[in-house]
Amino acid sequence: MLIFRGDEVLAARDGLADPGERPSSALRCSLDFPRPWQELTPWCEVDEAFQPPVGSEWLGLRQVWGKFGDGPFARAGAAWQYMSWWRNVRLCSFCGAPLVPRQKDRGRRCAECGRTFYAPLSPAIITAIEREGKLLLAHNLNMPAGRFSVLAGFVEPGETLEETVSREVMEEVSIEVQDIRYFGSQSWPFPCSLMLGFTARWKGGELRPDGVEIGEAGWFAPQDIPKGIPNSASISRRLIDHFIATHSPGCPRP
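Residues numbered from 1 in each chain as written. Predicted model: local features only at pLDDT ≥ 70, side-chain atom pairs only at ≥ 80, totals over all residues. Heavy atoms only, no water.

**Q** Please clarify how the layout of surface pockets should be interpreted in this entry.
**A** One water molecule sets the probe size; rolling that probe over the atoms shows where empty space is left. Here the largest pocket is characterised by a volume of approximately 850 Å³. Lining the largest pocket are 30 residues; nearest its centre among them are R62, M143, A152, W188 and M195. For the lining of the largest pocket, the elements supplying multiple residues, two or more each, are helix 2 (61–68), strand 10 (122–131), strand 11 (134–140), strand 12 (151–154), helix 4 (161–173), strand 13 (176–188), strand 14 (193–204) and helix 5 (235–247). Residue contributions to the lining of the largest pocket peak at four residues, all from strand 12. (1 Å grid on protein atoms, 1.4 Å probe; cavity = no way out; pocket = protein on both sides within 12 Å on 5 of 7 lines; lining within 4 Å. Points joined across faces, edges and corners; volume = space filled by probe spheres on them. Helix = DSSP H or I, 4+ residues; strand = E, 2+ residues; numbered from the N terminus.)

As structure tokens, then:
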């Protein structure tokens, strides 16, 4: 069972903490819900009065990722998204009646009008773009100074994923791309995204950062990749590492 306090999860020295039973001070707990909810990693949310076991500590999800790796991060991220949904969405958006858990899945239904709701998930693309053996990296103005990564953006209604890649790249740096290929995906609970990774090649245009999201952008050879790139657990870093591995001297091209 995972214990959350606000946006933090309880951790022990060797992994996520598991008190073994529901805390008596739990504000809400998935053990109170039907079996489909309990099949996911059970979670409880507690308030500031909760006394954690000696030797444990509270960690944000990014800290879980950096300290314990992909598996615990995925467990905590999934539980946190459901917990956050329960915390923030309590009433039917059609009639205003309370939402109650469904018995057969992890949805919720309106107690009055019967409409069904599911936890929100926002698909987003993230793309590594190559031009003549160099990778496009950009500094997003929301990132810390000196941080560079590949381009990303949310999918809009009516778009295919490939159309989102083309639109986001054009909006952010004013270039066209081609040969868009799927690379992989990653759940990203900040707050409820699914990151869909792609590779692509430059087709035309010159880099012009939009100045709204992107403050700086450039083409980087494998040996010139900036130090301030995402850490190794993220799909953005996997895309960058894949570029380096396939474009360094002596490495076979994909």
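**Q** What am I meant to see in the sheet that holds strand 7 (residues 99–101) here?
**A** Strand order across the open sheet formed by three strands is 7-8-9, with antiparallel pairing between neighbours. Looking at the sheet topology across the chains shown, the edges are occupied by strand 7 and strand 9 (116–117). Of the strand pairs in this sheet, strand 8 (residues 108–110) and strand 9 are connected by two bridges, and their pairing is antiparallel. Bridging from a neighbouring strand, R108 pairs with F117 of strand 9. (Pairing = 2+ DSSP bridges.)

**Q** How do you make sense of helix 2 when you look at a structure like this?
**A** For an α-helix the count is 3.6 residues per turn, leaving residues at separations of three or four pointing the same way. Among the residues making up helix 2, those that are buried are L61, V64, W65 and F68. Buried positions in helix 2, seen along its axis, are confined to an arc of 105 degrees and lie on one side of it. Of the surrounding secondary structure, the elements contacted by the buried residues of helix 2 are strand 2 (8–12), strand 3 (15–16), strand 6 (57–60), helix 3 (70–88) and strand 13. (Buried < 20%, exposed > 50% of the residue type's maximum accessible area, 1.4 Å probe, protein only. Arc of directions from axis to C-beta. Contact = heavy atoms within 4.5 Å.)

**Q** Is there a simple way to think about the pattern of salt bridges in this case?
**A** Where charged atoms of side chains with opposite charge meet at close range, the side chains can pair. The final tally for this structure, using the stated rule, is 15 salt bridges. In this structure, the salt-bridge partner of E45 is R87, at a minimum N-O distance of 3.1 Å. Within this pair, whereas E45 is found in strand 5 (residues 43–45), its partner R87 is found in helix 3, the two being separated by 42 residues in sequence. The salt bridge involving R102 is made with D105; its shortest N-O contact spans 2.8 Å. A single burial state applies to R102 and to D105, both of which are buried. One network of salt bridges, in which partners are shared, links E156, E159, R167, E168 and E171. (Salt bridge = Lys/Arg side-chain N within 4 Å of Asp/Glu carboxyl O.)

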